[in-house]
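Tertiary structure, described
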Amino acid sequence: MIDLWSPSAGMSVGMIIITSYLLGLVHGITPDEHTWPITFSYAVGSYSAKKGLIVGLIFSLSFTVQRSLMSEISYFALSKVFSLPYFNYIIYIIVGTAMALGGMYVFKFKNAFHVHFSKIDRSHHAAALKGEYPDVQPPTPKMAIVHGFIAGFGFGAFALIIYTVLAPSMPNAYVGWVPGFFFGIGTATVQAIAGLLFGTITTHLKISREVASKISSLTAGRTLLWGGIVFVVAGIFGLTFPSIANFQITTPLHVHNLHSLGIEFVLVIVVVLVIGTGTLVREVRKAAKISVPSEDLHE
């Protein structure tokens, strides 16, 4: 009997592998601040179902490498520092900074420290109303690799199980990395599919191919930039007011990431739904009002 809620130590290696993989699947499906915002950003920006799948896979495989490394470290009981209450907030700041820099790349900011925020909103809005879109570029897979590795340092319920129960239960140090690896592969399975779906969405917009492509990059850029800022603010807030930031709303769903909703869930909603999906829907509606010939957007 596999218990994904509270696995116990002492399982066979085979059971540990199966449990780790299944936990990874659940982790990939449930709203998670270290996976969904980044996968959404890169997959939508790719403007391709195939590229969306690839970028989701690239991000999560980088995440897998990091989880394997942490799993090996946990075998030697050296991961206690990563479970400190404030560590996750530090990761938010680092991940947020990386996301914001990625957004700046999309908007072609030559100087990352000289940001004209009005250019992103007012100028781009005015250009969109004229049927024009800013000269943006899609995010690169290399950026997804960096973000995947950084995001892997996030510590939550799933990491707690992998690092404190499953990894230490491995028979020797040579296979201490295995639980983290299969957990990452489980997450990668879902995130690759999610990337494919996100990439497919932008190829089926009822607007011209050129405009749809630019809207995809614009959505990715705004999600990375503003989402990154939200992450940084959340991290600073958590470090400054930990008692408030650690709030939890308990639900009847007996599933990790859904049983207790906190700042992590808020980050997913704000970044993916409000900023990401909000930008996509808003820009598509603007483009639809402009007289631009429609084309077949299927690849």
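These remarks concern the structure in this document. Each chain has its residues counted from 1, running along the sequence as written. Two thresholds apply to this predicted model, a pLDDT of at least 70 for residue-level local features and 80 or more for giving and counting side-chain atom pairs, whereas whole-chain, interface and lining totals are computed over all residues. Only heavy atoms go into the side-chain values, all of them from the structure, while hydrogens and water stay out.

**Here's the deal with the overall build of the chain**
Runs of H or I in DSSP of at least four residues are treated as helices and runs of E of at least two as strands, each being numbered from the N terminus. What the chain contains, in helices and strands, is eleven helices and two strands. Residue exposure (1.4 Å probe, protein chains only): buried if accessible area is under 20% of the type maximum, exposed if over 50%, otherwise partly exposed. Put simply, the chain has 299 residues, and 49% of those count as buried. In short, Shrake-Rupley with a 1.4 Å probe defines the accessible areas, and a residue's cover is counted only from the protein chains shown. Total accessible area computed for the chain in this model is approximately 13700 Å², and 70% of it derives from carbon and sulfur atoms.

**Here's the deal with the packing of helix H9 (residues 209–240) against helix H11 (residues 263–289)**
A fitted line through C-alpha atoms represents every axis, and for helices the fit uses only the stretch in contact; the resulting angles, taken between N-to-C directions, go from 0 to 180 degrees. Contact pair H9 / H11: the axes reach a minimum separation of 9 Å and the direction vectors enclose 155°. Judged by the inter-axis angle, H9 sits roughly antiparallel to H11. Of the two elements, H9 crosses H11, and the hand of that crossing is right-handed. Contacts between H9 and H11 involve Val211, Ile215, Leu218, Thr219, Arg222, Thr223, Trp226, Gly227, Val230, Phe231 and Ala234 from the former and Ile263, Leu267, Val270, Val271, Ile275, Gly276, Thr279, Leu280, Arg282, Glu283, Val284 and Ala287 from the latter. Grouping the constituent residues of the contact of H9 with H11 by class yields 15 nonpolar, five polar and three charged. An angle below 35 degrees is treated as roughly parallel, one above 145 as roughly antiparallel, one from 65 to 115 as roughly perpendicular, and anything else as oblique. Should the near helix be turned anticlockwise from the far one by less than a right angle, the crossing is left-handed, and should it be turned clockwise, the crossing is right-handed. Whether two residues are in contact is decided by their heavy atoms, any of which lying within 4.5 Å being enough. Three classes are used, and their members are as follows: Ala, Val, Leu, Ile, Met, Phe, Trp, Tyr, Cys and Pro are nonpolar, Asp, Glu, Lys and Arg are charged, and the others, Gly among them, are polar.

**A look at unusual backbone geometry**
Positive phi values are uncommon outside glycine, yet Asn257 reaches one of about 80°. Secondary-structure assignment places Asn257 in the loop between strand E1 (249–250) and strand E2 (260–261). Taking relative accessible area as the criterion, Asn257 reaches 21% and is therefore assigned partly exposed.

**Some words on the environment of Tyr47**
Looking at where Tyr47 falls in the secondary structure, it is placed in the loop between helix H2 (36–46) and helix H3 (49–75). When the C-alpha positions of Tyr47 and Thr202 are compared, they lie 5.7 Å apart, and in sequence the two are 155 residues distant.

**Considerations on the side chain of Arg67**
Summarising the element assignment, Arg67 is placed in helix H3. Positive charges are assigned to Lys and Arg, negative charges to Asp and Glu, while His and the chain termini are left out of the count. Put simply, a salt bridge is a Lys or Arg side-chain nitrogen that is within 4 Å of an Asp or Glu carboxyl oxygen. For Arg67, which is buried and forms no salt bridge, the nearest opposite charge comes from Asp32, at a distance of 6.8 Å. In this view, Arg67 contacts Ala151, Gly152, Gly154, Ala159, Tyr163, Gly180 and Phe183; residues no more than four positions away in its chain are not counted.

**Points about the pattern of salt bridges**
All chains considered together, the criterion is met by two salt bridges. Here Glu283 ties to Arg222 by a salt bridge, and the two come within 3.0 Å at their closest N and O atoms. Within this pair, whereas Glu283 is found in helix H11, its partner Arg222 is found in helix H9, the two being separated by 61 residues in sequence. By relative accessible area, Glu283 is classed as buried at 1%. Among the ionic pairs, Lys286 bridges to Glu283, the shortest N-O distance being 3.4 Å. With Lys286 and Glu283 both in helix H11 and three residues apart, this pair spans about one turn of that helix. Residue Lys286 is classed as buried on the basis of its relative accessible area, which comes to 14%. Each of the salt bridges in this network shares a partner with another, and the network as a whole consists of Arg222, Glu283 and Lys286.

**Let's talk about the environment of Phe237**
Counting through the fold element by element, Phe237 comes out in helix H9. Its relative accessible area of 33% is what places Phe237 among the partly exposed residues. A C-alpha to C-alpha distance of 8.3 Å links Phe237 and Tyr89, two positions 148 residues apart in sequence. Setting aside its immediate chain neighbours within four residues, Phe237 contacts Pro242, Ile244 and Ala245.

**Digging into a nonpolar patch on the surface**
Residues forming no salt bridge and having over 30% relative accessible area are the ones grouped into patches, like charges within 9 Å of each other and nonpolar side chains (Val, Leu, Ile, Met, Phe, Trp, Tyr) within 5 Å. Together, Leu84, Tyr86, Ile90, Ile94 and Leu239 make up an exposed nonpolar region whose accessible area comes to about 400 Å². Note that Ile94 resides in helix H4 (residues 87–106).

**Focus on helix H7 (residues 157–166)**
Counting buried positions over the ten residues of H7 gives seven, a clear majority of the element. Among the residues of H7, those classed as buried are Phe158, Ala159, Ile161, Ile162, Tyr163, Val165 and Leu166. Elements in contact with the buried residues of H7: helix H1 (13–29), H3 and helix H8 (178–203).

**Observations concerning the side chain of Asn88**
Mapping Asn88 onto the fold places it in helix H4. Take Asn88: its relative accessible area is 9%, and that puts it in the buried class. When sequence neighbours within four positions are dropped, the list of residues in contact with Asn88 reads Glu33, His34, Gly154 and Phe155.

Honestly, that's just the spatial picture; any functional story needs more than this.
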